Amino acid sequence: MTKELLLTMEGTRGHVARAISQAMVFLESHALPPRSLYQVNLALEEILTNIVRHGCQEGTTNEIHVRVELKSAEVIIECVDDCCEFNPLDAAPPDFDSPLLECEPGGLGIHLVKEATSSMEYCRDQGRNVLRVRVDVPTE
Amino acid sequence: MEMKVVKMDPDLTHVALSGKLDVEGEEQIGKAFEDTTSGRKKPTLVDMSDVTYLASLGIRLLFTCAKSLAETGARMVVLNPQPMVEETLMTSGTVNLIPIAHDRDEALRLLRGH
């Protein structure tokens, strides 16, 4: 049985927190295990924060459509935005192997999404970025 | 997110964080955390046993302060993170730069460089 939450939000920081809260309430109401909730929370926060910080343009009202679909063994998160083109799969990972004084934390958010999810797919469709990730839900 | 100053003496800064270190959490305590940790330039112990969630902005805050401390020869150590938070610190590679300790004695040893 599939359950789904659809949200449309403005590309601003305040709306990110609200969207995450709504998604968590939805998933908690379906008794998602704590570990999966944490991973979905993290993936959604990093994706939406990235879109708002790097994709949305000042002075423009950008729109982000979020779909959270709960299936029996996974949660699918899909984010569609009308911001400038950006493929997170092309982002370089953070460099934390160098000595501390030489490191820079860029790329960390996307790296966390990759670690929290089982797959990540991106496409550019009719002027919109479409990002879809999956979070595994252990079945008992 | 809340920050409590546990100890500030000539040899150590010890702070305790509680709550979610996400976008909002970083906004709530970021300035105070920077002032208290990298601002004091002392070896710094960050108790994260009551931090329930850690996102990249939170890691960035820890990293920025740890890097600033390193420029003065001081270290930062994270104490007793919860399992999912520790996993985030490990998988992000942050642990390569900011060691994790599971008790105070171990943390103090790491701060002294042992």
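Shown above is the structure to which this text applies.
Criteria and cut-off values
Residues numbered from 1 in each chain as written. Chains lettered and ligands numbered in written order. Predicted model: local features only at pLDDT ≥ 70, side-chain atom pairs only at ≥ 80, totals over all residues. Heavy atoms only, no water. Helix = DSSP H or I, 4+ residues; strand = E, 2+ residues; numbered from the N terminus. Rg over C-alpha atoms; globule rule 2.2 N^0.38 Å. Buried < 20%, exposed > 50% of the residue type's maximum accessible area, 1.4 Å probe, protein only. Contact = heavy atoms within 4.5 Å. Areas by Shrake-Rupley, 256 points an atom, 1.4 Å probe, with all protein chains shown as cover. Lys, Arg positive; Asp, Glu negative; His and termini not counted. Charge placed at Lys NZ, Arg CZ, Asp CG, Glu CD. Pairing = 2+ DSSP bridges. Axes fitted to C-alpha atoms, helices over the stretch in contact; angles between N-to-C directions. Buried area = accessible area lost by both parts, 1.4 Å probe. Salt bridge = Lys/Arg side-chain N within 4 Å of Asp/Glu carboxyl O. Polar contact = N/O pair within 3.5 Å; in protein donor to acceptor, adjacent residues only side chain to side chain. Nonpolar A, V, L, I, M, F, W, Y, C, P; charged D, E, K, R; others polar. Expected span 1.5 Å × (residues − 1).

Participant: Just give me the short version of the overall build of chain B, but keep the residues and values in it.
Facilitator: On a plain count of helices and strands, chain B comes out with 4 helices and 5 strands. What you see in chain B, going N to C, is helices and strands ordered as β-β-α-β-α-β-α-β-α. For 114 residues, the compact-globule formula gives about 13 Å, and the C-alpha radius of gyration of chain B, at 12 Å, lands near that figure. Each principal axis of the C-alpha atoms in chain B carries an extent, and together these give about 30 × 25 × 25 Å. The 114 residues of chain B split such that 53% are buried. Put simply, 68% of the contacts in chain B that link residues at least 6 apart link residues at least 24 apart. If you sum the accessible surface of chain B, you get close to 5,000 Å²; carbon and sulfur atoms cover 46% of it. The centroid of the 13 positive side-chain charges in chain B is displaced by 7 Å from the centroid of its 17 negative side-chain charges.

Participant: Residues and numbers for the sheet that holds strand β5 (residues 128-136) of chain A, please.
Facilitator: Sheets are built from strands that pair by backbone hydrogen bonding, the pairs being arranged parallel or antiparallel. All names here are of chain A. An order of β1-β2-β3-β5-β4 is seen for the 5 strands of this open sheet, with the pairing classed as antiparallel. Unpaired on one side and paired on the other, β1 (3-10) and β4 (119-125) mark the two borders of the sheet. Each neighbouring strand pair of the sheet contributes to a mean axis angle of 15 degrees, computed without reference to strand direction. Two strands pair when backbone bridges link them, and strand β3 (residues 74-81) and β5 are joined in this way by 8 bridges, in the antiparallel orientation. Among the inter-strand pairings, V75 is bridged to a residue of β5, identified as V135. Relative to β3, helix α2 (residues 34-55) is tilted by about 10 degrees, and along the sheet it contacts β1, β2 (63-70), β3 and β5.

Participant: If you had to explain the interface of chain A and chain B to someone new, which residues and values would you point to?
Facilitator: Counting from both sides, the interface comprises 26 residues of chain A and, opposite them, 29 residues of chain B. Here chain A meets chain B over a buried area of about 2,400 Å², counting both sides, of which 60% is carbon and sulfur. Remark: the boundary between chain A and chain B carries 2 salt bridges. When the shortest N-O distance is used, the salt bridge between B:E27 and A:R13 registers 3.1 Å. At the junction of chain A and chain B, the tally comes to 8 residue pairs in polar contact (both at pLDDT 80 or more). Listing elements by their share of the side of chain A that touches chain B, those giving two or more residues are α1 (13-28), α2 and α3 (108-116) of chain A. At 9 residues, the largest contribution of residues to the side of chain A that touches chain B is made by α2(A). Along the lines of polarity and charge, the residues of the side of chain A that touches chain B split into 11 nonpolar, 7 polar and 8 charged.

Participant: So what about helix α2 (residues 56-71) of chain B? Which residues, and what values?
Facilitator: Side chains that are three or four residues apart share a direction in an α-helix, a result of its 3.6 residues per turn. Residues and elements named next belong to chain B. Here α2 is 16 residues long and its end C-alpha atoms lie 22 Å apart, about the 22 Å a rise of 1.5 Å per residue gives. All buried positions along α2 are accounted for by S56, L57, G58, I59, L61, L62, F63, C65, A66, K67 and L69. Where α2 terminates, the next one or two residues include G73, which has phi positive at roughly 85 degrees.

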